Amino acid sequence: SELSKGKTLEFMVEEAKDSVCFLNSEPHKKGFITVGRKGIIKKKIVIEGKACHAGYYVDGISAVREAAYKIIELEKGSDVNGITFNCIVANGGTVPNIIPDKCEIILEYRFKTSAQMAEADEKLRRVVNTSYVEGTKSHLIDISESEGRNAVEDFKKINEELAKYSKVSFASGRIQSEITIKPDG
């Protein structure tokens, strides 16, 4: 950021010294304060087909083709304000003249509420369990999970604590915003 000159962590640590509270709201747009974060779940879909020479492609079952259908189905209907699916890595095939018998997709999905998480989980299960290319099989592998957060409630609790102190400073940069509270005295 302009304030930290590329040393954000050092800047935040310095700003927070002798403070009662330090908030880094990580805004996604200049002039906005972020008050929540979507939950993120990352998974891998492993798709199995049947390899064969490309000249006899009718004898094969393309795992890459199956992956394409799954990616389109998962990402269809993504809503930046709701559930989003992002297929971030796809890897399949070994050489140009062989129908690929394996493909892996790494994806993440994001959601605001536990109801949205359940809806996204159901959509993912449905897509994984559907064979768009006859003869393919798919299964899921868990990679990571990060809880969402609604900071509005946190800010209400923090505000009660802030009322005890009179010196409040606000530093704002392009990448991050911080509020530092210094005790009186």
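Criteria and cut-off values
Chains are numbered independently. Their residues run from 1 in the order of the written sequence. Owing to the predicted nature of the model, reporting of local features is limited to residues with pLDDT of at least 70; listing and counting of side-chain atom pairs is limited to 80 or more, with chain, interface and lining totals taken over all residues. Hydrogens are left out, water is left out, and the side-chain values use all remaining heavy atoms of the structure. What counts as a salt bridge is simple: a side-chain nitrogen of Lys or Arg found within 4 Å of a carboxyl oxygen of Asp or Glu. With a 1.4 Å probe rolled over the protein chains alone, any residue whose accessible area is under 20% of its type maximum counts as buried; one over 50% counts as exposed, and the rest are partly exposed. Two strands make a pair as long as DSSP finds a minimum of two bridges between them. Strands are runs of DSSP state E lasting at least two residues, helices are runs of H or I lasting at least four, and both sets are numbered from the N terminus onward. Orientation is described by axes fitted as lines to C-alpha atoms, over the contacting stretch for helices, and by angles from 0 to 180 degrees between their N-to-C directions. Whether two residues are in contact is decided by their heavy atoms: any pair within 4.5 Å suffices. What we call a nonpolar core is a set of buried Ala, Val, Leu, Ile, Met, Phe, Trp, Tyr and Cys residues that are connected through their side-chain atoms within 4.5 Å. Expected helix span is given by 1.5 Å per residue-to-residue step, counting one fewer step than there are residues.

Enquirer: Teacher, can you tell me more about the pattern of salt bridges here?
Expert: Between side chains of opposite charge, a pair can form as their charged atoms come close. One pass over the structure, following the stated rule, counts 9 salt bridges. For Glu14, the salt bridge is made with Lys17, and the minimal N-O distance between the two is 3.0 Å. A relative accessible area of 47% means that Glu14 is categorised as partly exposed. With a shortest N-O distance of 3.4 Å, Glu104 and Lys102 are connected by a salt bridge. In the salt-bridge network here, residues are joined through shared partners; they are Lys44, Lys102 and Glu104.

Enquirer: Before we go on, may I ask you to explain the sheet that holds strand β5 (residues 84-92) in this structure?
Expert: Spatial strand order, β5-β7-β3-β8: 4 strands in an open sheet with antiparallel pairing. Every other strand in the sheet has two partners, leaving β5 and β8 (137-146) as the edge strands with one partner each. Looking at each pair of strands side by side, their axes are set apart by 20° on average, direction ignored. As paired elements, strand β3 (residues 39-48) and strand β7 (residues 102-111) share 10 bridges and run antiparallel to each other. When the bridges of β7 are listed, Gly39 appears paired with Phe111. Taken strand by strand, helix α3 (residues 114-129) contacts β3, β5, β7 and β8, and its axis lies near 165° from that of β7.

Enquirer: Help me understand the nonpolar core, please; the structure alone is not making it clear to me.
Expert: One recurring pattern in soluble globular proteins: nonpolar side chains tend to sit buried together. Ranked by internal contacts, the top residues of the largest apolar core, which has 19 residues, are Ile45, Leu74, Phe85, Ile105, Leu107, Tyr109 and Leu124. Looking at this core, the elements that each hand over two or more residues are β3, α2 (63-75), β5, β7 and α3. The element that contributes the greatest number of residues to this core is β7, accounting for 5 residues. Dropping the residues within four chain positions of it, Ile105 is found in contact with Lys43, Lys44, Ile45, Ile47, Ala67, Lys70, Ile71, Cys87, Val89 and Ala90.

Enquirer: For this particular structure, what's the right way to read α2?
Expert: Since the α-helix advances by 3.6 residues per turn, residues separated by three or four positions end up pointing in the same direction. Here α2 is 13 residues long and its end C-alpha atoms lie 18 Å apart, about the 18 Å a rise of 1.5 Å per residue gives. In this structure, the buried side of α2 is in contact with β3, β5, β7, α3 and β8. Just downstream of α2 lies Gly77, where phi reads positive at about 85°.

Fair warning: the whole summary comes from geometry, so function is off the table for now.
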